[in-house]
Amino acid sequence: MILIEKLIEDASHDMLNPVLNFDIAKKDEELEQIASAVSFYLRAAEYGHDTHPTIVYTSLLKVARCFEDQANREQSVSNALLQAIQYMPARPEGYFLLSRFYERSQKWQECYTFAEMGMMYTTRLDQLPADVEYLGEFVLFFEKGVSAWWLGRKEESLKIFYDLLKQDIPDHYRSTIKYNIYKIDPNAII
Amino acid sequence: MNLVQRAVSNGGKLAPLVISKGLTRGTGLMNPSVFVNDRGNILVNLRHVNYTLYHSENTQKFPSRWGPLSYLHPEKDMNLRTTNYLMKLDNDLVVTNHALIDTSKLDVDPLWEFVGLEDARLVEWENKYYICGVRRDTTTNGTGRMELSEIEIDMDSFTAKEISRLRIPAPGDDNSYCEKNWYPILDKPYHFIKWTAPTELVRTYPDEPARCEQVFHRENLSIPADQRGGSQLIKFGSLYLSVTHEVNLFRNYLNQKDAIYRHRLCVWDDDFNLVGISPEPFSFLDARIEFVAGAAILEKDLLISFGFQDNAAFILKVPNVVLVEMIQEALSYDFN
């Protein structure tokens, strides 16, 4: 296992290198040194702006994740996600995370809208350099399904959930969907 | 070349100063102050804050909602709160113990939004440990004064408790708004360099009533940039050393604040005459905001403790060969 001090010592000759800053940030996040991770992710984004687009995009999503982790910094979470989307609008991850952010804030129209927007870009497959909790196109449908119910679109919501259950999705999503269907229609046969 | 690279490529070492997220909730650890006592124990005062500093660098494409430099405190708590941890390191600079300094005996409800003792330097004077920093929460307008907090340390159980607190008036009529970054002289109890150049040396006292007097004020120095307090003033052979900072505070066209901090090594003679200063400022890790609050000699090497963007804390061992070079560079500076 590479130690954080070794990473930084090795990077000290080239501290404006976005890849090295990104690697330090990932290590900080792993060590739960969240404020430090913000520093290095933001440096990766700023110094990589013209040269390392996926590093920049991922870093901004990670900045949002860090502020979410610290809690009670909602303006900073949404700002970082909007910056990621603005920087690379033809990828789905930022839309999903913003949709989920609005779901958690119970801002249902925003949740629905950003889920819908993300669905326009789900064919892009090249991988990001770190996990940003985007598990595939289905997560956008999930957000749309949840927000649809709160927006009065009960039938649309149920249809999305039943369609999702036909897909190969992770267990925690499957159980949540079943729970949601039960809450919508206790007599439903799942 | 930044100082970490220079030190490490000559046999030095960088070490992070961290404590677990369970204690910090993931917010900033910053501006550590290292001190080595006469038993060889490496102690550090580490500042923990309830915010994350957000600083866009380079061309600032991704500012926060409040600009390129913001203190991102909890959105439901406007206060910028500081607590201090005492740490003990082994000779490899690995943290072996840490404890929150218990200030409960002397804490009162804060009257302003900067809460706690900020950027405290750790010293031992007359067999008592003190942390000396600025406190701004005792008035409704944020007046800052240096405070001398005596810390009782139990090395066995590794606990630290503040047992007295003295708010130091400014010398003279005590009408300034904010006094901070006075740097303590380790082998001259209760004395501080209040200002580097012109040099102002002041004396305080550990007992009531709190008082402070100017020992001398020397006007005769021309230095490359205004130097503000950083590390303690430490003895090295026949010289004294301090690491000081200079800051460029500015605003962009939207009137949003921004800043760049850099450091220099200052060299002093036995009479506290400034006799050398790094001709060029240096950075530690090329961040625009870094801050030194401590230095110590360990064997023949120099330990410097510094904060990185208010979000991370490090200690750097500068090997003797680099330290001697830095002193020579400083002594080569032409004050005329």
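Counting from 1, residues in each chain are numbered in the order their sequence is written. Here the convention is simple: chains get letters from A, ligands get numbers from 1, in the order in which they are written. Local features in a predicted model are, by the rule used here, given only for residues with pLDDT of at least 70; side-chain atom pairs are given and counted only at 80 or more, and totals for whole chains, interfaces and linings are based on all residues. Side-chain descriptors were evaluated using all non-hydrogen atoms of the structure, hydrogens and water having been removed beforehand.

Draft legend 1. The overall build of chain B, seen in detail. Working definition: helices are DSSP H or I runs of at least four residues, strands are E runs of at least two. Numbering for both runs from the N terminus. Along chain B, the regular secondary structure elements total 3 helices and 23 strands. A compact globule built from 336 residues should have a C-alpha radius of gyration of about 20 Å, and chain B, at 19 Å, falls within 12% of that. Taking the principal axes of its C-alpha atoms as reference, chain B extends roughly 50 × 50 × 45 Å. Using a 1.4 Å probe on the protein chains alone, a residue whose accessible area is under 20% of its type maximum counts as buried, one over 50% counts as exposed, and one in between counts as partly exposed. The 336 residues of chain B split such that 58% are buried. Here a residue-residue contact requires only that any non-hydrogen atoms of the pair lie within 4.5 Å. Pairs at least 24 apart in sequence give 57% of the contacts found in chain B among residues at least 6 apart. Values of accessible area rely on a 1.4 Å probe in the Shrake-Rupley scheme; residue burial ignores everything except the protein chains shown. Summed over all atoms, the accessible surface of chain B reaches about 13,400 Å², with 47% contributed by carbon and sulfur. Charged-residue counts in this description rest on Lys and Arg as positive and Asp and Glu as negative, His and the chain ends being excluded. In plain terms, the charge of a residue is placed at NZ if it is Lys, CZ if Arg, CG if Asp and CD if Glu. When the 35 positive and 45 negative side-chain charges of chain B are each reduced to one mean point, those points stand 5 Å apart. With C-alpha atoms as the basis for the radius of gyration, the globule rule is written as 2.2 Å multiplied by the number of residues raised to the power 0.38.

Draft legend 2. Structural context of the sheet that holds strand E18 (residues 239-251) of chain B. All names here are of chain B. Two strands are counted as paired when DSSP detects at least two bridges linking them. Taken in spatial order, the 4 strands of this open sheet run E17-E18-E19-E20, and their pairing is antiparallel. In the strand order of this sheet, the two ends are held by strand E17 (234-236) and strand E20 (274-277), each with one partner. Between one strand and the next, the sheet's axes are offset by a mean angle of 40 degrees, whatever the strand orientation. Inspection of the sheet shows E18 paired to strand E19 (residues 257-268) by 12 bridges, in the antiparallel sense. Across the sheet, the residue bridging to Asn 248 is Ile 260, located in E19. Note on geometry: axes are lines fitted to C-alpha atoms, helical ones only across the stretch in contact, with angles between N-to-C directions running from 0 to 180 degrees.

Draft legend 3. Spatial organisation of the side chain of Asn 21 of chain A. Residue and element names in this part refer to chain A. In this fold, Asn 21 is placed in helix H2 (residues 18-30). Two N or O atoms count as a polar contact when they lie within 3.5 Å, although within protein this holds only if one can serve as hydrogen donor and the other as acceptor, and sequence-adjacent residues are included solely when both atoms are side-chain atoms. Engagement of the side chain of Asn 21 in a polar contact is seen with the backbone oxygen of Met 15, the distance being 2.7 Å. Dropping the residues within four chain positions of it, Asn 21 is found in contact with Met 15, Leu 16, Phe 40, Arg 43 and Ala 44.

Draft legend 4. Highlighting the environment of Trp 268 of chain B. All names here are of chain B. Structurally, Trp 268 can be placed in strand E19. The residues touching Trp 268, leaving out its near neighbours within four places in the chain, are Tyr 183, Ile 193, Thr 196, Thr 199, Leu 233, Leu 239, Tyr 240, Leu 241, Ser 242, Asn 273, Leu 274 and Val 275. In terms of polar contacts, Trp 268 uses its side chain to reach the side chain of Ser 242, at 3.0 Å.

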